[in-house]
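# Survey of secondary and tertiary structure
The chain contents come next:
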Amino acid sequence: MTIPSPSVVLSYEDAATVVSGHAERVRLWLRPTEKVPLLSAAGRVLAEPVLADRDQPPFARSTRDGFACRAAELRAGRLKVAGQLRAGQAWTGGEIRTGEAIEIMTGAVVPPGADCVVMIEHVSVSECWISLAPARELVPGENVVNRGTEARAGDVLVPVGRRIGATEVAAAAFSGNATLAVFSKPRVAILATGDELVEVGDVPLQYQIRNSNSYSLATQATAAGADPRIFPIVPDDPVATERAVGEALQCDLLLMTGGVSMGKFDCVERALLARGADFFFTGARIQPGKPVVFGKLRGPYFFGLPGNPVSTIVTFLLFGAPMLRALAGESESGPHFGSARLSHEVQVRPGLTRFLPARVESDLRGARIRRIAWQGSGDLTAAAQANSFLVVPEASDRLADGDIVSALML
Ligand code: AMP
Ligand code: MG
């Protein structure tokens, strides 16, 4: 168990593959679950499948206001309207008779014998007779969804491992689940290191800065479905760092920031090593975030994220979030990339995959992306205006105005 030597610096793709390999493993772990009220389940990860409690639809359902009838009969001549069916009303009249139609509302039971519903807009009604309006077609099956064609009783409507959003809540509600089983949230320990750091409520001296990373990470970890705990700031001191790591070992994921570069007082990797860490990589050819470290202690996985605030945010999005969502039991946990049309040319030196602060704006026609000027990975002012990071692949030195490009979405 050592820091890989020489240090293991991977391409973005290889580093992502290493992380997703470990994410695959932790997805197989048994993890605690809890039952929560339906609305509290939103944003959590489903631990037991939502099953259809009956066929869907539970009866042949009319999807239009109109008349239930036999298509061939109405095409051949007029039909007598012999009754009416509203949504929520049981049909007790048996099979509809030859030469007859039943007036029907959206969501009502299509009576047996009828093979279609003709829309009210497609017939002419005179007294109690209907006939097909000129030039209108009518075929069997029109405007009827037959029982069980959407789902059969017992079918899985929402699988285990799915993050619960509005459609999943709706499926749970219509199949009768007032509560849902979800996975317990993974516990994330957040440790910011750096002698220059003071807490957000403190007044920094001129040469000090406020700790922002603990707060951006806690926000991102919460969004990824975790329960974050911010630990006190750790000074750049090997003994203090090792002690702080020891205090965080009960968590499921340890996120450290700062102290992973080549500086004389960067002691995070050594402290992790002293605590028995395995290192999977100690850097990635990315900007921002090159010194990112990933490994596992006896107990939690950990990331050593570079301290520059934009690096911390980007490396969490790229590597931390996929691992954390897997620890939360989510089955699809990769980073969220979108694509957009570039609004201007971008030139860079090749050799690193770049994630440049950017703004994506989208409408019906698609998405456009433009860079936000920045002073580098310490520039939180630029990052605060971004909603995404424009991806420049490692081999590219130039993206052209109008290119379709990838964006890492915040
Ligand atoms: P490091 O990764 O420790 O070399 O730090 C890189 C840069 O990020 C330095 O300018 C630090 O002052 C800054 N930095 C480190 N930790 C934090 C933090 N928790 N919040 C804000 N900035 C930080
Ligand atoms: Mg530092």
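Refer to the structure printed above.
Summary of the structure given here. In this text the structure is predicted, and so the values were computed from the model without any measurement. (Residues numbered from 1 in each chain as written. Chains lettered and ligands numbered in written order. Predicted model: local features only at pLDDT ≥ 70, side-chain atom pairs only at ≥ 80, totals over all residues. Heavy atoms only, no water.)

### So, the sheet that holds strand E18 (residues 253-257)
In space, the 6 strands of this open sheet follow the order E17-E14-E18-E23-E22-E19, with mixed pairing throughout. Sheet topology places strand E17 (227-230) and strand E19 (278-281) at the edges, where each strand pairs with a single neighbour. Within this sheet the neighbouring strands show an average axis-to-axis angle of 25 degrees, counted without direction. Relative to strand E23 (residues 301-305), E18 runs parallel, the two sharing 5 bridges. By the bridge assignment for E23, Leu-254 is matched with Phe-302. Each of E19, strand E22 (293-296) and E23 touches helix H1 (residues 12-27); the most contacted strand, E19, lies at about 130 degrees to it. On the sheet, helix H4 (residues 213-223) packs against strand E14 (187-192), E17, E18 and E23 and is oriented at approximately 165 degrees with respect to E17. (Pairing = 2+ DSSP bridges. Helix = DSSP H or I, 4+ residues; strand = E, 2+ residues; numbered from the N terminus. Axes fitted to C-alpha atoms, helices over the stretch in contact; angles between N-to-C directions. Contact = heavy atoms within 4.5 Å.)

### Brief notes about the nonpolar core
With 59 residues, the main nonpolar core has Leu-255, Phe-303, Phe-319, Leu-324, Phe-355, Ile-369 and Leu-390 as its most contacted residues. A total of 12 residues in this core trace back to one element, the largest contributor, which is helix H7 (residues 309-327). Leu-324 has contacts with Pro-186, Val-188, Ala-221, Ala-224, Ala-226, Leu-253 and Phe-316, leaving out every residue within four places of it along the chain. (Core = buried A, V, L, I, M, F, W, Y, C linked by side-chain atoms within 4.5 Å. Buried < 20%, exposed > 50% of the residue type's maximum accessible area, 1.4 Å probe, protein only.)

### Observations concerning the layout of surface pockets
When its volume is computed, the largest pocket comes out at roughly 330 Å³. Estimates place the volume of the second largest pocket at around 280 Å³. Around the second largest pocket, the lining comprises 20 residues; the ones closest to its centre are Thr-193, Glu-196, Leu-197, Ile-209 and Gly-307. Taken together, the residues of the lining of the second largest pocket sort by class into 5 nonpolar, 11 polar and 4 charged. (1 Å grid on protein atoms, 1.4 Å probe; cavity = no way out; pocket = protein on both sides within 12 Å on 5 of 7 lines; lining within 4 Å. Points joined across faces, edges and corners; volume = space filled by probe spheres on them. Nonpolar A, V, L, I, M, F, W, Y, C, P; charged D, E, K, R; others polar.)

### Some details on unusual backbone geometry
With omega at -10 degrees, the peptide bond leading from Gln-56 into Pro-57 counts as cis. Relative to the assigned elements, Pro-57 resides in the loop between strand E3 (50-51) and strand E4 (61-62). Here the phi dihedral of Glu-127 falls at roughly 50 degrees; this positive angle occurs in a residue that is not glycine. In this structure, Ala-135 takes a positive phi of about 65 degrees despite not being glycine. Structurally, Ala-135 is set in the loop between strand E10 (129-132) and strand E11 (144-145). With a relative accessible area of 82%, Ala-135 lands in the exposed category.

### What to know about the site of ligand 1
If you check the shell around ligand 1, you find 17 residues, and the closest are Glu-196, Asn-211, Ser-212, Gly-259 and Gly-307. Asn-213 places a polar side-chain atom, nitrogen or oxygen, 3.4 Å from a nitrogen atom of ligand 1. Contact distances for ligand 1 include 2.8 Å between an oxygen atom and a backbone N or O atom of Gly-307. Isolated, ligand 1 exposes 480 Å² of accessible area, and the fraction of that covered by the protein chains is 79%. (Near = heavy atom within 4 Å. Polar contact = N/O pair within 3.5 Å; in protein donor to acceptor, adjacent residues only side chain to side chain. Areas by Shrake-Rupley, 256 points an atom, 1.4 Å probe, with all protein chains shown as cover.)

### Concerning empty space enclosed by the protein
Counting across every chain of the model gives 1 cavity of 30 Å³ or more. By volume, the largest cavity is sized at about 50 Å³. In terms of lining, the largest cavity is formed by Gly-43, Arg-44, Val-45, Arg-163, Phe-183, Ser-184, Lys-185, Pro-186, Gly-225 and Ala-328.

### Points about the sheet that holds strand E8 (residues 116-119)
A sheet is described by the order of its strands in space; here 6 strands give the open sequence E8-E5-E7-E6-E10-E9, paired in mixed fashion. Pairing within the sheet leaves two strands with one partner each, and these edge strands are E8 and strand E9 (123-126). Within this sheet the neighbouring strands show an average axis-to-axis angle of 40 degrees, counted without direction. In terms of strand pairing, strand E5 (residues 66-69) meets strand E7 (residues 100-104) through 3 bridges, oriented antiparallel. Paired with Gly-66 across the strands is Ile-104, a residue of E7.

### Focus on helix H5 (residues 238-247)
Looking at H5, one finds that the buried residues are Ala-240, Thr-241, Ala-244 and Val-245. Each buried residue of H5 lies within a common arc of 135 degrees when the element is viewed along its axis, so the set occupies one face. Exposed residues on H5 whose side chains face more than 90 degrees from its buried face are Val-239 and Glu-247. On the buried face of H5, the contacting elements are E14, E18 and helix H6 (268-274). (Arc of directions from axis to C-beta.)

### Quick word on the pairing of strand E28 (residues 388-392)
Burial analysis of E28 places 5 of its 5 residues in the buried class, which makes it a mostly covered element. Side-chain alternation along E28 places Ser-388, Leu-390 and Val-392 on one buried face and Phe-389 and Val-391 on a second face that is also buried. Bridge count between strand E26 (residues 353-363) and E28: 5 bridges; the pairing is antiparallel. Bridging from a neighbouring strand, Leu-356 pairs with Leu-390 of E28. When E28 meets strand E30 (residues 404-409), the two strands line up antiparallel, connected through 3 bridges. Bridged to Leu-390 within E30 is Ala-407.

### Quick word on the side chain of Gln-220
In this structure, Gln-220 sits in helix H4. The residues contacting Gln-220, other than those within four sequence positions of it, are Thr-312, Ile-313, Phe-316 and Leu-317.

### Description of the pairing of E7
Burial runs high along E7: 4 of the 5 residues are buried. Of the pairings in the sheet, the one linking strand E6 (residues 79-85) to E7 comprises 4 bridges and is parallel in character. Following the sheet pairing, Leu-85 is matched in E7 by Ile-104.

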